[in-house]
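Report on the structure
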Amino acid sequence: MLVSMNWINDFVDLRGENIPELIHRFTLSTAEVEDIYYKGAETKGVVVGKILTLENHPNSKKLHLLTVDQGGKVVNVVCGAPNVKVGMYVALATDGGMVSGNPINRVMLAGYESCGMCCSEAELGLSADNSGIWELPDGLTVGTDIKEIFPIDDIVFEVDNKSLTNRPDLWGHYGIAREFSALTGKPLKPLDMVNPADFAALPSLDIKSSDELMYRYTAVRAENINVKVSPEYIKIRLFYCDLRPINLLADLTNYLMLELGQPMHAFDLRKVESVEIKRFPEEFEFTTLDGQKRKITPEMLMITSNNIPSAIAGVMGGLDSEIADDTTSLLLESANFDGVSVRRTSTKIGLRTDASMRYEKALDPEMTLTAAARFMKLLLTIDPGAKITSNFTDLYLKKYPERTIAFTKTYVNRYTGIEISDERIVKTLTLLGFEVLGGNGEFTVKVPSWRGTKDVTIKADIIEEITRIYGYDNFAVATSKSPLYPVKLSALKADENALKDTLVKEFSLHEVHSYIWADSKKNKALGIENPQTVKIINAGTPEHDMLRNSMIPSLLYFISENKTYSEDFGIFEIGKAFTGKNEKGEIIERKRLGIVLYSRKISEEKLLMKARDITDRLLLTIKHSNAEYKLLSASENYIHPKNNNEIFADGIGIGNISIIHPRIKNIIDKKAAIVSVEIDCTTLAEIPEKNIVYKETPRFPGIDVDITIPVPADKTFREVESLIKLPDCDVLRSLAVTDIYGEGTKNITVRISFASYEKTLSGAEVKEYTDKIISNLKEAGMSVKLGTEKLQTE
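Let me sum up the structure you'll find in this document. (Residues numbered from 1 in each chain as written. Predicted model: local features only at pLDDT ≥ 70, side-chain atom pairs only at ≥ 80, totals over all residues. Heavy atoms only, no water.)

So, unusual backbone geometry
- One non-glycine residue, Ser 100, adopts positive backbone phi at about 50 degrees.
- Mapped onto the fold, Ser 100 is located in the loop between β6 (89-99) and β7 (102-103).
- On the accessibility criterion, Ser 100 (33% relative accessible area) is partly exposed. (Helix = DSSP H or I, 4+ residues; strand = E, 2+ residues; numbered from the N terminus. Buried < 20%, exposed > 50% of the residue type's maximum accessible area, 1.4 Å probe, protein only.)

Put into structure tokens, the structure is as follows:
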């Protein structure tokens, strides 16, 4: 938002103040200022000139040879503007002057001497109009510097809009002037406006509504309006604040919006005589002022006249009821609507305007009548022949409750840690518009309506008001004496930190970050089906209208974008995925870890085994337990239909480890292997962590026995392992798979290690145990081939 200090000076006398320093204090106390612009600083030596003679250039169809009176001196000027004429008063940049940083000197132009330049408004930085030179009002004193006539010199600063989200009162110059009043201690001038009570006897307008989304609607009628063009000061202020001047009535509505933060709309009285604010039961198309057709749905609030839509409430007016060049009468709307409704409407139709931005901040309904009265004061001042022909018809359906907050000076001192006098507290709050009652250390304040919609609600808010104006930089620096206690991390957060550390430190994976929605455009590029889980109603773009149900598609796109930087790498992300809604209609949200490995150096099988090793290590590190895997049917089209396994921890399914579908993989890179791992961190955090059991290493040599076991396709190694681990065998130390071969029925070679804490085992003792193992396996229908016994030496 752009703020003009000339405008601020209308309401607070800031003469003698250091303006840049004051703007810096505004940043520290109120809202962040992003930049400061010194308007007019690079324009010098531009005076009022009068064209005395005009001749066409003999060798040019566009150029004209002028003589211009610049005040006590007549100079020759070559000018190409199409609107020049004898007797015209112009803005003349004189020899040695400057226009928007460009020096003006005497030059030969097309064979003729030119001792200055007749300037357009655009060249002077006063508007975007470059169609011709600026035609000044007749009768001005020739030779007068135009800066003495028009408010060209100005300091304009830009406020970060995010800083104003919770301060709807600061979306207009008057609210910001109130802040400068409090910062300087100088009084805020009252608004100059007509008194609505003076027009109470005039006829009322036909204004109707019972819709809960309409809070207040103030309307007034004016006729016999003959002035069409706004005064120069209004046009300059609008342009400096990034709005384009149009005509008097449209400019005044924009001017009041920038001045008071209250959006307004002027309807041509020939097209809108009565108003009803309502919603329509059926969808229809509506053409807005920008000429675009918008789809109106039943939840959108509309302004209508005789049941014909005239405007989208809080967003934009209709093309058919706009102010025209021949408009001489108007119906002025100054209204307040439900902010959430306005935001939803503007988002859904893809039209965010200056008005909708303000309405969605929860504006003060009390401002509608004030703004209408101020509008009429400006209109009657600019066009004295205009007449107000109705009363200020006011339909007020919803009022915010009045807020009063009690606090003590002791409370202020305890929270701030400094001594602020009663007088300073009362003065600060009064300058900010609060009504302060009480004294002697006990106060009750009445919160002004413009701060009561959502801003000031509790005692701590009052403390903030006092201290920010006092100046945070005026606080004495002191060490806090408050005790600080360590905060224990939740299981989910602790697991998340441990997962990240392990993946980065032990496996050199790269962490990435993505958005929570599924990007349909990117998914389509990879051949991935977009999820149909949870739809976002007000999505920023159509490609982002679904929440993701998995981390893997986003990671696959990252792999595709980064594959040229390395032939072998892995990435991971811990983020949110959404699987649908529960019976209460609430979104089911899960925290998940996604891992994708990419390699052109090793085979798909080896890369899958690497992913398994990573998974094993993660579970061992986080839960001190071993991972188990079972074949799982692929539920997504980017997962291999056969090479997909569910991951279990303590018998609980926590995710899956998969090879990427060949079709998707080939789109990314035909010569690479790509595998993925996805773990549900929410489920993982609910699994209790096992205690670590430490065992002494035997001091005596052990014996290793290799056995090869044919394992049917329908059995897992974990089931075989339970037959090998004898419950009464206290010398069996470990099992390790050393080889797997064969198709269908897999032949798995297992190395069984035996060792005793008390003595060196003999072959006969080990054979007793191996015979029991072989017997168990045969009973389970598996023949066993016994390998060679060998002595393990230390």
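Focus: the environment of Leu 503
- Here Leu 503 is to be found in helix α12 (residues 491-505).
- Taking the C-alpha atoms as reference points, Leu 503 and Leu 618, 115 residues apart in sequence, are found 8.0 Å from one another.
- Not counting the four nearest positions on each side in its chain, Leu 503 is found in contact with Ser 508, Leu 509, Phe 572, Leu 593, Ile 595, Ile 614 and Leu 618. (Contact = heavy atoms within 4.5 Å.)

Observations concerning helix α6 (residues 339-349)
- Considered for burial, the residues of α6 that qualify are Gly 339, Ser 341, Val 342, Thr 345, Ser 346 and Ile 349. In an axial view of α6, the angular spread of the buried residues amounts to 160 degrees, which keeps them on one side of the axis.
- Each element contacted by the buried residues of α6 is listed here: β18 (293-296), β20 (308-312), β22 (330-337) and α7 (354-359).
- Of the residues that open α6, the one with a side-chain oxygen 3.3 Å from the backbone nitrogen of Val 340 is Asp 338.
- Two residues or fewer past α6, Gly 350 is found with a positive phi of approximately 70 degrees. (Arc of directions from axis to C-beta. Polar contact = N/O pair within 3.5 Å; in protein donor to acceptor, adjacent residues only side chain to side chain.)

Quick notes on helix α4 (residues 232-240)
- The buried fraction of α4 amounts to 7 of the 9 residues, a majority that puts the element mostly inside the structure.
- Among all positions of α4, only Glu 232, Ile 234, Lys 235, Ile 236, Arg 237, Leu 238 and Tyr 240 are buried.
- Buried residues along α4 sit against β1 (2-4), α1 (5-9), β2 (33-39), β12 (154-159), α5 (248-260) and α8 (367-382).
- Once α4 ends, the next one or two residues include Asp 242, with phi positive near 75 degrees.

Remarks on the sheet that holds strand β30 (residues 534-535)
- Across the sheet, which stays open at both edges, the 3 strands sit in the order β29-β31-β30 with antiparallel pairing between neighbours. Lying at the two open borders of the sheet, with one neighbouring strand each, are β29 (517-518) and β30.
- Direction of pairing for β29 relative to strand β31 (residues 546-547): antiparallel, over a ladder of 2 bridges. Bridge assignment links Trp 517 to a residue of β31, and that residue is Leu 547. (Pairing = 2+ DSSP bridges.)

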